Structures are given as structure tokens and as C-alpha cells.
Amino acid sequence: MPLLDAKSYVITSPVMCQYAFRSKDLSFEPHMVEFFQRMLNVSDATISLLKIPAGEKEASMLRESSKAIHESLTGENLHRTNLKALESISLIINGIDGCFTSDSLFRWLRLTLTLATSDALYGSQNPFRINKSLIESLWDFDAHVISFIMGIFPSFFVPKAHRGRAAVQAAFTEYFKNGYDLQPDVSPLVHSRAACYAKYGISLSDLGQLELAIVHVATANAIPTTFWTLLFIASSPTLTSLIRHELLTITKPSSGDPEREIDINIAKFSSHCPLLVSCYREVIRLGNSNIGARRVMTDTTITDGTSTYLLKAGCNVQIPSGVIHMSEETWGPNASTFDARRFLDPNLKGNMTAKEREEDRQRKKAYFPFGGGKHLCPGRNFAFAEILGLLSVLVLGFDIRALDGGLVEVPKMGRSGVAEGMVKPTGKDLEMGVRIERRRGWEDAIWGFVSEQ
Ligand code: HEM
């Protein structure tokens, strides 16, 4: 397919997608450099450090920073970051006295999760905690990311988004100037990435410009995912009741406290809450239309086992997960509707034929909302813990109702825009209010989180 600047190949065969993600001849780096240039407006000096030297497949600074990011979201680092985000969430939830009414569920989740995520990333000097108006600035920017990528005079055509970007980047520059990234309560993700860039002589101002990318990727998909999953669960009393039963198995009173403190064990979601996890995966399948982007570095061939294709050097490759996730051929005739049980382990579904089990196996290979290969989303496990943590307290401890007290309805999901991963509610759906009321029997609960195997 010929596009504006280069020919593009669009891959929709799951087998070839897996190959494309893993291939060393297809690179994400050139796209990353373009994103940094257009979306983040970093200086030419920094861009020259990011560019891939002739004859090589990646720039050393990008390789090192990418390694730092991926390592900072595993093992003990991940564990600590998860619990910090959930500590912020519990502070907000425990502050709900009886019944709380929100004029917009999405905006409330956006505030709650942007604060929780940024607290976990940036520690006590979190710029979003110090100046909460930056949260709106971030989302003003998010609403027009495509205008920045296209480079069509954003300062003129989308001035609010342009101002939002500048405000967040200026706050980050100040953060790095003050050396706040060196404080012990800052996540290894922020600390080690900044250290890597500083080693290469990146200016403090560009450090601030670049940091916007991190807080953006950490919130842009996770928040709409939480919104849709909560609504699908809360709109069905049966599903709510089944998930509450699952959650009771990972909930226990906190030891030795006279108050009614209740801990949710986030290490047990996968083993004890299969239906909740299935709902989460299903929402991501339905709502995520991320387009994986790669550039062909040297002529290479790919095959799906039947046909072989030549990809020419210099061309782009697009992997539209939304198309693959909605394919009826793979997901069956109900591909475009929500099926809470779709991602349950076959052993839990019971009475599956050998053919159905094989189809289930093929579906797992056709599911990549987090991309793949060496750029596979490093934040996926953090997102899992943070999103399911918030959902579990809301579902177990609260009744989520429409403003008139009736059942909430799930708005039509629609498709996400270009350069948007997870679809977000718009118009009246964005303004959809809810009542969040402590459940009878749980009025005095003080919620907390632990992670114990
Ligand atoms: C439901 C939530 C999320 C979804 C659906 C998602 C999806 C993705 C996708 C599709 C990619 C591109 C991968 C590729 O091209 O192969 C990506 C990359 C990335 N994500 Fe996520 N993400 C989510 C949450 C997060 C969170 C919470 C963080 C950080 C805490 C994060 C950090 C990143 C980073 C740093 C990259 C770039 C990785 C690299 O280039 O090596 N993501 N994500």
C-alpha cells in the first residue's frame, strides 16, 4: 500500500505478525525517532543521538534506554511500583464516605489513575500531585496526538493541546533540574532512563520533553481499559456476583488491626480470579486498535506457511491488532461482541471438543494488544496489577450504579482513532455519571493491597 512518505505493507495474518515482531530486519527505532521529533519536539542535538548510524540497526542510546526501561518493570522493581500505585488508589477509595457521585466516570478514573500512576513513577515530588491542573494538560495533549504526529502546525490548529504538552514538559524539566529523579522513592523506570540519557549528554530541557512519552504511554491505554471493564462488569448483576465470589478468595482482613482493614492479594489474580482476568483481556481485545509499526532495514522475506512475501528495505510494515482481534475467522461469529468467558482456560469452560480446544489455541496466537518481540510493552504487568487492583476494590466493596440508581449501561464502544490504542468514550459517554456507593456489610472496610505468593 503506497502511503504519504513510503510504501507500507499491512500484515493481518497472525503467523506473519509474530514473525514481523520478532524479526531483526524489521525495526521500531526509526518510527520511535520520528515520534520523538514530532510528538515531543526534542532538539536536533538529541535527535542526532537517537538516529541509527549508517550500516547499523539501532542507535546505542536507544538500545540502552530501552534495556533500562524493560529491566525496571520486572521482579522487585515491578513489585514495588505496583504497590506504590495501589497505595495511592487505596487513599482515594478509602476517602469515599458512604456514597459518592461522579458527573463523569471516565474523568474520575482518569484523575484517580493518572495520580496513582504518576505517584508510583515520580515519588513525593510527582509534578501531577503538586499541580493537579497538569492532569488536564496531559489529556488535552492526548486528545490531539495525531496532529502532532502529522506535524500540521499544532500550535495553530490545536492550541490547547499544544499548551498542554508545553505545560507538562516544562514541569518535567523543572523536576529533573531539581534532581528529584534521584530521590529514593522514584521508580527505577524514571530514574534509570534519565540516568541513561544524562550519560549521553542529553540536556535537562530535552529530558523534560522526552519524559512526556513515559507518562503518556503509562496512562493512555490503561485508563480507558479500566473504564470499559468496570462498565461491562457493573452492567451485569450475574457477572458482578460471580466476580465478587472470585475476589473473596484473595481477600483477607489485615493482621492485628482493630479497624476493619481488608487486603487484596494482587499476586493471586491469575490463579484465583479467572473470570475477572478474562473480562480484562476481552475488553482489550475489543477496544484496542493499536497499529504496530516497523521499518524494513534490509530486504527480507516472510511466510505464513503457504505463501512467501518479499519486504523491500526502506518500506514500512503495519500490524493492525484491531483488525486481527476482530476477525470472525479467528474469533468466531460473535467476534464483535463482549464475551466475558472468552479468555477462560479451556479446562474451566468444560465440555470442549478437540476442535474447540484447537481454535482456542489459535486465538491465543492471534492476540497481541501489547505488541511483540523486543518492544513488547514493558508496562503490561504494571497495567495488569494497577487496573485489576482498582477494579477489584470497586467491584467487591461498592455498588456502581447509574445516577438514577438503576443499572449502568455500557456505551457503544466504537473504534479508536488513528494513533490511539484503546478507544475512549466521547460526547455524552464521556459525560456519563455514576453513583459509587459502599456495599451493605462493607461500609467500614479500609482497603489495602498486598502481593503474596
Ligand atoms: C492496557 C494498557 C497498555 C496497553 C494496551 C499497552 C500497549 C502497548 C503497545 C501495543 C506497545 C507497542 C509495542 C510494540 O510495538 O511491539 C507498547 C509499548 C510500550 N509501553 Fe505499553 N501498554 C499499556 C500500558 C503501559 C504502561 C502502564 C506502561 C508504563 C508503566 C507502558 C509502557 C510502555 C513503553 C515504555 C513502551 C515502549 C517499549 C519499547 O519501545 O521497547 N505501557 N505498549
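Note that the structure is a prediction, hence the values are computed from the model and not measured.

A. Here's a closer look at the overall build of the protein. Helix and strand counts for the protein come out as 23 helices and 12 strands. What you see for the protein is a C-alpha radius of gyration of 22 Å, in line with the 22 Å of a compact globule of 453 residues. Seen through its principal axes, the protein has C-alpha atoms that stretch 65 × 60 × 45 Å. For the protein, the residues scored as buried account for 52% of the 453 residues in total. Here the protein carries 49 positive and 49 negative side-chain charges, and the mean point of each set is 4 Å from the other.

B. Up close: unusual backbone geometry. A positive phi angle is found at N41, which is not glycine, with a value near 55°. Given a relative accessible area of 44%, N41 falls into the partly exposed group. The backbone of F153 sits at a positive phi, close to 45°, despite the residue not being glycine. Residue placement: F153 occurs in the loop between α9 (145-150) and α10 (154-157). Judged by its relative accessible area of 60%, F153 falls in the exposed class.

C. Representation of the site of the ligand. Around the ligand, a shell composed of 24 residues is seen, among which H70, R294, G372, H375 and C377 lie nearest. The separation between an oxygen atom of the ligand and a polar side-chain atom of H70 is 2.9 Å. Within the side chain of H375, a nitrogen or oxygen atom sits 2.8 Å from an oxygen atom of the ligand. For the shell around the ligand, the secondary structure elements donating two or more residues are α4 (60-72), α13 (204-220), α14 (222-234) and α22 (380-397). For the shell around the ligand, the leading source of residues is α4, giving three residues.

D. Region of interest: the packing of helix α6 (residues 105-122) against α13. The interhelical angle for the contact between α6 and α13, taken along N-to-C directions, is 135°, at an axis separation of 10 Å. Classed by the angle they form, the pair α6 and α13 counts as oblique. Crossing of α6 over α13 shows right-handed handedness. Facing α6, whose interface residues are T114, T117, L121 and Y122, α13 presents E211, I214, V215, A218 and T219. For the contact of α6 with α13, the per-class residue count stands at five nonpolar, three polar and one charged.

Rules of the game
- Throughout this description, residue numbers start from 1 for each chain and increase along the sequence as written.
- Per-residue local features are limited, in this predicted model, to residues with pLDDT of at least 70; the limit for side-chain atom pairs, both in listing and counting, is 80 or more; totals at the level of whole chains, interfaces and linings are taken over all residues.
- Excluding hydrogens and water, the side-chain figures rest on all heavy atoms present in the structure.
- Helix numbers and strand numbers start at the N terminus; a helix is a DSSP run of H or I with at least 4 residues, a strand a run of E with at least 2.
- The atom set for the radius of gyration is the C-alpha atoms, and the globule formula is 2.2 Å times the number of residues raised to the power 0.38.
- For the exposure calls, accessible area comes from a 1.4 Å probe over protein chains only, and a residue counts as buried if that area is under 20% of its type's maximum, exposed if over 50%, partly exposed in between.
- Here the positive residues are Lys and Arg and the negative ones are Asp and Glu; neither His nor the chain ends is included.
- Lys charges are placed at NZ, Arg charges at CZ, Asp charges at CG and Glu charges at CD.
- Being near a molecule or strand, for a residue, means having at least one of its heavy atoms within 4 Å of it.
- Definition of a polar contact: a pair of N or O atoms within 3.5 Å, with one able to donate and the other able to accept a hydrogen when the atoms are protein atoms, and with sequence-neighbouring residues admitted only if both atoms are side-chain atoms.
- Fitted lines through C-alpha atoms serve as axes, helices being fitted only where they are in contact, and the angles separating the N-to-C directions of these axes extend from 0 to 180 degrees.
- Any angle that is under 35 degrees is reported as roughly parallel, and any over 145 degrees as roughly antiparallel; angles of 65 to 115 degrees are reported as roughly perpendicular and all others as oblique.
- In this scheme the crossing of two helices becomes right-handed for a clockwise turn of the near helix relative to the far one and left-handed for an anticlockwise turn of less than a right angle.
- Any pair of residues with heavy atoms lying within 4.5 Å of one another is described as a contacting pair.
- The nonpolar class holds Ala, Val, Leu, Ile, Met, Phe, Trp, Tyr, Cys and Pro. Asp, Glu, Lys and Arg form the charged class, and all remaining residues, Gly among them, are polar.

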